Amino acid sequence: QLIESGGGLAQAGGSLRLSCTTNGRAFDTYAVAWFRQAPGKEREFVAHIGRNGDYKVYADSVKGRFTISRDNAANTVDLQLDRLKPEDTAAYYCAAQGRFYYSLSAGADYWGRGTQVAISP
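Now for a look at the structure at hand. (Residues numbered from 1 in each chain as written. Predicted model: local features only at pLDDT ≥ 70, side-chain atom pairs only at ≥ 80, totals over all residues. Heavy atoms only, no water.)

## Comments concerning the pairing of strand β4 (residues 31-37)
Moving residue by residue along a regular strand, the side chains alternate between the two faces of the sheet.
Thinking step 1. The buried fraction of β4 amounts to six of the seven residues, a majority that puts the element mostly inside the structure.
Thinking step 2. Judged from the seven bridges that link them, β4 and strand β9 (residues 90-97) form a sheet pairing that is antiparallel. The residue of β9 that forms the bridge with W34 is C94.
Thinking step 3. Alignment of β4 against strand β5 (residues 44-49), held across five bridges, turns out to be antiparallel. Residue F35 lies in a different strand from β5, and its bridge partner there is F45. (Buried < 20%, exposed > 50% of the residue type's maximum accessible area, 1.4 Å probe, protein only. Helix = DSSP H or I, 4+ residues; strand = E, 2+ residues; numbered from the N terminus. Pairing = 2+ DSSP bridges.)

Below, the structure is given as structure tokens:
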């Protein structure tokens, strides 16, 4: 099981840092992705990172503002959210696949329950 943390309320232009960890499973054998789902909208891809942290992909809507990183020794994958916009308001979820690199065409092996991010104008 994956566990997200770090969500909350921020003002537009501000920053938040989300973290994803596991409840015991080693993280270093999984590629990890972040997704988000705004109220009334479908879940959308945000960013993913390879098993070794050497390959990162971002959605166009967050490129240049969000940064994904991982610390396998600490069993965490973080998502730094900068220059936040009201349209970033959503529940953010992390997902893991037992691959070197995350495949958006394949399902996740594990999902977290999400952490809520709300951005005020």
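## Some remarks on the side chain of D88
Thinking step 1. For D88, the position within the fold is in the loop between β8 (76-81) and β9.
Thinking step 2. A polar side-chain atom of D88 sits 2.8 Å from the main-chain amide nitrogen of K85.
Thinking step 3. In this structure, D88 is in contact with R36, R65, F66, R83, V117 and I119, ignoring residues within four places of it in sequence. (Polar contact = N/O pair within 3.5 Å; in protein donor to acceptor, adjacent residues only side chain to side chain. Contact = heavy atoms within 4.5 Å.)

## Brief notes about the packing of aromatic side chains
Thinking step 1. For the structure on display, the rule yields five aromatic pairs.
Thinking step 2. For the ring pair F35 and F45, a centre distance of 6.0 Å and an interplane angle of 70 degrees mean the geometry is edge-to-face. Linking F35 in strand β4 with F45 in strand β5, this pair joins segments that are 10 residues apart in sequence. Of the two residues, F35 and F45, neither departs from the other in class, the shared state being buried.
Thinking step 3. Ring centres of Y55 and Y101 lie 5.2 Å apart, and the angle between their planes is 70 degrees; on these two criteria the pair is classed as edge-to-face. Of this pair, Y55 sits in the loop between β5 and β6 (56-58) while Y101 is found in the loop between β9 and β10 (110-111), placing the two residues 46 residues apart along the sequence.
Thinking step 4. Taken together, the ring pairs in this structure connect F35, F45, Y102 and W111 into an aromatic cluster.
Thinking step 5. Its guanidinium or amino end placed over the ring of F35, R43 lies 5.8 Å from that ring's centre, counting from NZ or CZ. (Phe/Tyr/Trp six-rings, centres within 6.5 Å; stacked < 30°, edge-to-face > 60°. Lys NZ or Arg CZ within 6 Å of the ring centre and 35° of its normal.)

## Brief notes about the sheet that holds strand β7 (residues 66-71)
Strand pairing in a sheet is mediated by backbone hydrogen bonds. Such pairs are either parallel or antiparallel.
Thinking step 1. Across the sheet, which stays open at both edges, the four strands sit in the order β1-β3-β8-β7 with antiparallel pairing between neighbours. The strands lining the two open edges of the sheet, one partner per strand, are β1 (2-5) and β7. Each strand axis lies, on average, 15 degrees off the axis of its neighbour in the sheet, ignoring direction. (Axes fitted to C-alpha atoms, helices over the stretch in contact; angles between N-to-C directions.)

## A closer look at the pairing of β5
Thinking step 1. Of all the six residues making up β5, five are buried; the element is thus mostly covered by neighbouring parts of the structure.
Thinking step 2. Following β4, the chain reverses through six residues before pairing antiparallel with β5; G40 in that reversal takes a positive phi of roughly 75 degrees.
Thinking step 3. Where β5 meets β6, three bridges bridge the pair, whose relative direction is antiparallel. Residue pairing in the sheet places I49 in a bridge with K56 of β6.
Thinking step 4. Counting the residues in the hairpin turn of β5 and β6 gives six residues, including G53, whose phi is positive at 80 degrees.

Read these as spatial facts, not as claims about activity.
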